[in-house]
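A closer look at the structure
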Number of protein chains: 2
Amino acid sequence: MTEKTEQKQKDGRRLRGDNTRALTVSHALQMASIDGLEGLSIAKLATALGTAKSTVHAAFGSKETLQVAVIDETTRLLFKLVVSPSLKADSGMARLVAVGDAWMSYLESDIFEGGCVLSSASLEMDGRSGAARDAIAKAMTDWMNTLSRFVADAISNGEIAETHEPEQLAFELNAIGMAANWHHQLLGGEETFHMARLSWKKTLESHKRQN
Amino acid sequence: MTEKTEQKQKDGRRLRGDNTRALTVSHALQMASIDGLEGLSIAKLATALGTAKSTVHAAFGSKETLQVAVIDETTRLLFKLVVSPSLKADSGMARLVAVGDAWMSYLESDIFEGGCVLSSASLEMDGRSGAARDAIAKAMTDWMNTLSRFVADAISNGEIAETHEPEQLAFELNAIGMAANWHHQLLGGEETFHMARLSWKKTLESHKRQN
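Residues numbered from 1 in each chain as written. Chains lettered and ligands numbered in written order. Predicted model: local features only at pLDDT ≥ 70, side-chain atom pairs only at ≥ 80, totals over all residues.

We now examine the packing of helix 5 (residues 93-108) of chain B against helix 8 (residues 166-186) of chain B. All names here are of chain B. Where helix 5 contacts helix 8, the two axes come as close as 10 Å, and the packing angle between them is 15 degrees. Judged on the interaxial angle alone, helix 8 and helix 5 are roughly parallel. Along this stretch, helix 5 crosses helix 8, giving a crossing that reads as right-handed. Counted together, Gly100, Trp103, Met104 and Leu107 of helix 5 and Leu173, Gly177, Ala180, Asn181 and His184 of helix 8 form the full contact between these two elements. Broken down by class, the residue content of the contact of helix 5 with helix 8 amounts to 5 nonpolar, 4 polar and no charged. (Axes fitted to C-alpha atoms, helices over the stretch in contact; angles between N-to-C directions. Helix = DSSP H or I, 4+ residues; strand = E, 2+ residues; numbered from the N terminus. Parallel < 35°, antiparallel > 145°, perpendicular 65-115°, else oblique. Left-handed = near helix turned anticlockwise from the far one by under 90°. Contact = placed C-beta atoms within 7 Å. Nonpolar A, V, L, I, M, F, W, Y, C, P; charged D, E, K, R; others polar.)

All right, on to the packing of helix 4 (residues 63-86) of chain B against helix 5 of chain B then. Residue and element names in this part refer to chain B. Orientation of helix 4 relative to helix 5, taken along the N-to-C sense of each, is 160 degrees, at an axis distance of 8 Å. Overall, the two elements helix 4 and helix 5 adopt an arrangement that is roughly antiparallel. Regarding helix 4 and helix 5, the two cross each other, and that crossing is right-handed. Contacts between helix 4 and helix 5 involve Leu81, Val82, Val83, Pro85 and Ser86 from the former and Arg95, Ala98, Val99, Ala102, Trp103 and Tyr106 from the latter. In terms of residue class, the contact of helix 4 with helix 5 is built from 9 nonpolar, 1 polar and 1 charged.

This part takes up the interface of chain B and chain A. Contacts between chain B and chain A engage 39 residues on the former and 39 residues on the latter. Listing elements by their share of the side of chain B that touches chain A, those giving two or more residues are helix 1 (3-35), helix 6 (117-125), helix 7 (131-156), helix 8 and helix 9 (191-207) of chain B. No other element matches the 13 residues that helix 8 of chain B contributes to the side of chain B that touches chain A. Tallied by class, residues from the side of chain B that touches chain A come to 14 nonpolar, 16 polar and 9 charged.

Under the 1.5 Å per step criterion, the end-to-end length of helix 4 of chain B is 34 Å for 24 residues, consistent within 8% with the ideal 34 Å. Three or more residues of helix 4 of chain B are buried, namely Leu66, Gln67, Val68, Ala69, Val70, Ile71, Thr74, Leu78, Val82 and Ser86 of chain B. (Expected span 1.5 Å × (residues − 1). Buried ≥ 20, exposed ≤ 12 C-beta atoms within 10 Å, placed from the backbone.)

Moving on to the environment of Ala175 of chain B. With respect to the element layout, Ala175 of chain B can be found in helix 8. The exposure class assigned to Ala175 of chain B is buried, which follows from the 26 C-beta atoms found within 10 Å. Once the C-alpha coordinates of Ala175 of chain B and Ala196 of chain B are considered, the two residues, 21 residues apart in sequence, prove to be 9.9 Å apart. Setting aside chain neighbours within four positions, we find Ala175 of chain B in contact with Ala175, Ile176, Met178 and Ala179 of chain A.

Here the focus is the nonpolar core. Val70 of chain A together with Val70 and Ala179 of chain B are the most contacted members of the largest nonpolar core, which totals 118 residues. Those residues in contact with Ala179 of chain B that sit more than four places away from it in its chain are Phe171, Asn174, Ala175 and Met178 of chain A together with Ala196 of chain B. (Core = buried A, V, L, I, M, F, W, Y, C linked by C-beta atoms within 7 Å.)

For the pair of chain copies, the relating transformation is a rotation about an axis with a translation along it. Between chain B and chain A, the superposition needs a rotation of 180 degrees and an axial shift of 0.0 Å, giving an RMSD of 0.1 Å. Classification of the inter-copy transformation places it as that of a two-fold axis. By C-alpha distance to the rotation axis, the residue of chain B lying nearest is Ala175 of chain B, at 2.6 Å. In this assembly, 100% of the residues forming the interface of chain B have copies in chain A that are likewise at the interface, indicating an isologous arrangement. (Least-squares fit on C-alpha atoms with pLDDT ≥ 70 in both.)

The next subject is helix 8 of chain B. An α-helix turns once per 3.6 residues; consequently, residues spaced three or four apart project the same way. All names here are of chain B. Between its terminal C-alpha atoms helix 8 stretches 30 Å, which fits the 30 Å expected from 21 residues at 1.5 Å a residue. The element helix 8 is largely enclosed, with a buried count of 20 among its 21 residues. A positive backbone phi angle near 65 degrees is found at Gly188, which sits one or two residues after helix 8.

Residues and elements named next belong to chain B. Its place among the elements puts Tyr106 in helix 5. For the pair Tyr106 and Gly158, spaced 52 residues apart in the sequence, the C-alpha separation amounts to 29 Å. Those residues in contact with Tyr106, other than ones at most four positions away along the chain, are Leu81, Val82 and Ile111.

This is how it looks when you write it as structure tokens:
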């Protein structure tokens, strides 16, 4: 076998491996959305994918590795579908409005069958220790820091009053989205996202710098 | 055996039964606070209590009955430690301030080792069906209705503007407490309850009727 052919075969295997991994993570994500991160099981996942348990095991090794992969993928989706689109808006107040819009649409779209995995996983994991908890804490810290940075930009622009630390408004805005996800998933009702969007708007207004 | 003695024995058995049940639920509550409602197990609980699996099984019958008992007990605690004290304040704005104070103190006191069970259980159960999900949905509906009623009283008093439905402010207030619990449990930090209390105060102020 020439070196080139060997490399091609290796690339092919890696590609198939990557595809299996991506497909498995995407299935695991929906499963975690319904049953929680603890409800994830390599055996159940293999059955759902119609593959051998050993194949899933080979790709992830342990349940914890699988949990971390699900957290990483959910974080990637949050940043791709919520944070990235908001970067197209001007920094400051416009971006705070945009990130709220994008976040509400994301939660409302039911992209996850059983609701936002980061929300439920962070409450599920908060009383424990280990790699999955560390991954979720890091993801949520990144998210809170992103919101705080957007607020800090609006303060620099003179659009938001400097009365409080950026973290205060970030806390308030994050609370609205988390409550919207919770309300929507548990209690349903058409009013949820109407209330959440109004709440986002009012919260931004209440922090506006008065000239 | 006289009828009286027989009755005494029956009462004794019931009392012991009630005590076992109460002790088991209180242990199960802490376990659910850390491992989630799905993490509850009659076997693990029996080990923790140093009793036979059959004793716990006799008291609850199934894991679902145990989950419902834990939800009911947590709801009782929420109403006893948060809602009841606030009823001592005058209805209206004073009661809205009082219920916020009581709720923050309750969450801050770490009465649950792994955070508020109702918060985590409602996100854990939202994608499922069954008696446990129904119990948590009912508990949270009662809680939201309580907050809405307190807001409605403040509107009747002319203290809160009538611009929005009472449910809007109830949604915003609930969001603050849920986020405080989440932030405290996952990310820690001394600032959490300071931010949450300030947020509660500012939210009430922003709804005040302007004369």
